[in-house]
Amino acid sequence: MSTSVGNGFLEPMPLVGPFPSGAPAIFIDQVARLGSEAGIISAVGDDDFGWLNIERLKRDGADVSAIAVLAEAPTGSAFVRYRADGARDFVFNIARSASGQIEMTDAARALIARAGHVHVMGSAFAIGGIGRVLSEAVASVKARGGTVSFDPNVRKELLAGQGEARARFEEILAVSDLLLPSGEELSVTAGIDEEKAAVQSLLSRGVKEVVLKRGAAGSSFYLQNDRGHCPAFKVEELDPTGAGDCFGATYVTCRRKGLSPASSLRYANAAGARTVTRQGPMEGVSTFAELDQFIEEHRLET
Ligand code: ADP
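Rules used in this analysis
- Residues numbered from 1 in each chain as written.
- Predicted model: local features only at pLDDT ≥ 70, side-chain atom pairs only at ≥ 80, totals over all residues.
- Heavy atoms only, no water.
- Pairing = 2+ DSSP bridges.
- Helix = DSSP H or I, 4+ residues; strand = E, 2+ residues; numbered from the N terminus.
- Phe/Tyr/Trp six-rings, centres within 6.5 Å; stacked < 30°, edge-to-face > 60°.
- Buried < 20%, exposed > 50% of the residue type's maximum accessible area, 1.4 Å probe, protein only.
- Near = heavy atom within 4 Å.
- Polar contact = N/O pair within 3.5 Å; in protein donor to acceptor, adjacent residues only side chain to side chain.
- Areas by Shrake-Rupley, 256 points an atom, 1.4 Å probe, with all protein chains shown as cover.
- Nonpolar A, V, L, I, M, F, W, Y, C, P; charged D, E, K, R; others polar.
- Expected span 1.5 Å × (residues − 1).
- Contact = heavy atoms within 4.5 Å.
- pLDDT = per-residue confidence, 0-100.
- Core = buried A, V, L, I, M, F, W, Y, C linked by side-chain atoms within 4.5 Å.

(A) Examining the sheet that holds strand β6 (residues 147-151) more closely. In spatial order, the strands read β5-β6-β7-β8-β9-β10; together these 6 strands make up an open sheet with mixed pairing. In the strand order of this sheet, the two ends are held by β5 (117-121) and β10 (226-230), each with one partner. Pairing geometry for strand β8 (residues 209-213) and strand β9 (residues 219-223), over 5 bridges, is antiparallel. Looking at the pairing, V210 lines up with Y222 of β9.

(B) Layout of the environment of G191. Checked against the element boundaries, G191 lands in the loop between α7 (185-190) and α8 (195-204). C-alpha separation for the pair G191 and P261, spaced 70 residues apart in sequence, amounts to 25 Å.

(C) Quick peek at the packing of aromatic side chains. Enumeration according to the criterion identifies 7 aromatic pairs in this entry. Taking the centre distance of 4.8 Å and the plane angle of 10 degrees together, the rings of F90 and F92 count as stacked. Assessed through its relative accessible area of 55%, F92 is described here as exposed. A connected cluster of aromatic rings, assembled from ring pairs, spans F125, F150 and F169.

(D) Region of the structure containing the site of the ligand. The ligand sits among 18 residues. The nearest are S182, G215, G218, E237 and N269. Measuring from an oxygen atom of the ligand, one finds a backbone N or O atom of R214 at 3.5 Å. The separation between an oxygen atom of the ligand and a polar main-chain atom of G215 is 2.6 Å. Across the complex, the protein chains shield 83% of the 550 Å² of accessible surface that the ligand would expose by itself. Listed by contribution, the elements that provide at least two residues to the shell around the ligand are α9 (243-256) and α10 (261-276). When grouped by side-chain class, the residues that make up the shell around the ligand number 8 nonpolar, 7 polar and 3 charged.

(E) α9, seen in detail. Counted at 1.5 Å a residue, the expected span for α9 with its 14 residues is 20 Å, and the 20 Å between its end C-alpha atoms agrees. Extensive coverage of α9 is indicated by the burial of 11 of its 14 residues. Regarding α9, the residues found buried are A243, D245, C246, F247, G248, A249, T250, Y251, V252, T253 and C254. At the C-terminal side of α9, G258 shows a positive phi close to 95 degrees.

(F) Just the side chain of D89, in detail. Inspection of the secondary structure puts D89 in strand β4 (residues 88-93). Judged by its relative accessible area of 15%, D89 is buried. Within the structure, the side chain of D89 is placed 2.7 Å from the side chain of R83, a separation counted as a polar contact. Not counting residues up to four positions away in its chain, the partners in contact with D89 are G6, N7, G8, F9, F79, V80, R81 and R83.

(G) Representation of the confidence of the model for the protein within the structure. Of the residues in the protein, 98% have a pLDDT of 70 or more, and the chain-wide mean is 94. Interface confidence for the predicted complex, given as ipTM, is 0.98, next to a pTM of 0.96.

(H) The arrangement of the nonpolar core in detail. Counting 41 residues, the largest nonpolar core has L57, V211 and Y251 as its most contacted members. For this core, the secondary-structure elements that each account for two or more residues are α1 (23-33), α2 (48-59), α9, α10 and α11 (288-297). With 7 residues, the single largest contributor to this core is α1. Those residues in contact with V211 that lie beyond four places of it in its chain are L178, L179, L180, P181, S220, F221, F247, Y251 and L265. Among the nonpolar cores identified, the runner-up in size contains 38 residues, and A108, V133, I172 and V199 belong to it.

(I) Region of interest: the pairing of β9. Counting buried residues in β9 gives 4 out of 5 residues, a clear majority hidden from the surface. Adjacent in sequence and paired antiparallel, β8 and β9 are bridged by 5 residues, among which G215 carries a positive phi angle near 55 degrees. As defined by bridge partners, β9 adjoins β10 across 5 bridges and the pair is classed as antiparallel. Residue Y222 lies in a different strand from β10, and its bridge partner there is R227.

(J) Up close: unusual backbone geometry. For the bond running from G17 to P18, omega is 5 degrees, close enough to zero to count as cis. Tracing the backbone through its elements, the reader meets P18 in the segment before α1.

Dropping the structure here:
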């Protein structure tokens, strides 16, 4: 991460890092920090960036048995610099990295066989081999009566036309119990611009729960017969990276524990808000004790 504000990386500049990262890794780390059993299917290179991620996930209690360590590819990485308006410039090395080579392995199969829920990150659709992994994971978990959540954080360009990515997207959408879109992802997912109509369309297509992430405006949940909104906690935003992932992980974990949608949303908002106050994508993950304390401290300000 650049420590200066500006456009891109066309000149030498001070950086801070490396930080463990990647949307699916942030998500699973947050689930683990909340004390739930969770594992990730991924791949890293046999280099310090890869081991940094594995060691952090392991330390926080995530199952890392299905992270392949590839000898021939570097760990995926991203360099980010913030512009004056808060937008971000990235240099990515993902497609040609180890994470671009994720595929089904015996270890991944063993992890799937133990799972009662699968969370799908839309960003993974850019990876060629991911389709088979997702199909197998979803079929296996659903056959055991498990559930599926889906964060449709897919680049719009990837879904253009009727290519492989769009087909995969529709396949996951058709079996999703819980959907966690943010911003324009709702209309891209539903194919409908207006918010209410988009939500209603998704619910009528079989999604049981739609949760909208609204950044500093909080979040909302929609079920067939219930709905609610939770305003965001008032915090000073230092780094928005990872907020949506920590939010989603917390909501899914709370619902799996049997908490109500309203109570789950409150915990998720707290997790998202805590994340934006820390620099580094995975540095703001929370335990339940930290969330309870945060909610207590911010009770009068919301
Ligand atoms: P995404 O990163 O997926 O776009 P959001 O930016 O909407 O997701 O963030 C997810 C959640 O984190 C929000 O719904 C909100 O609860 C919390 N959050 C995000 N930004 C802020 C902020 N500046 N202040 C307080 N809470 C925030």
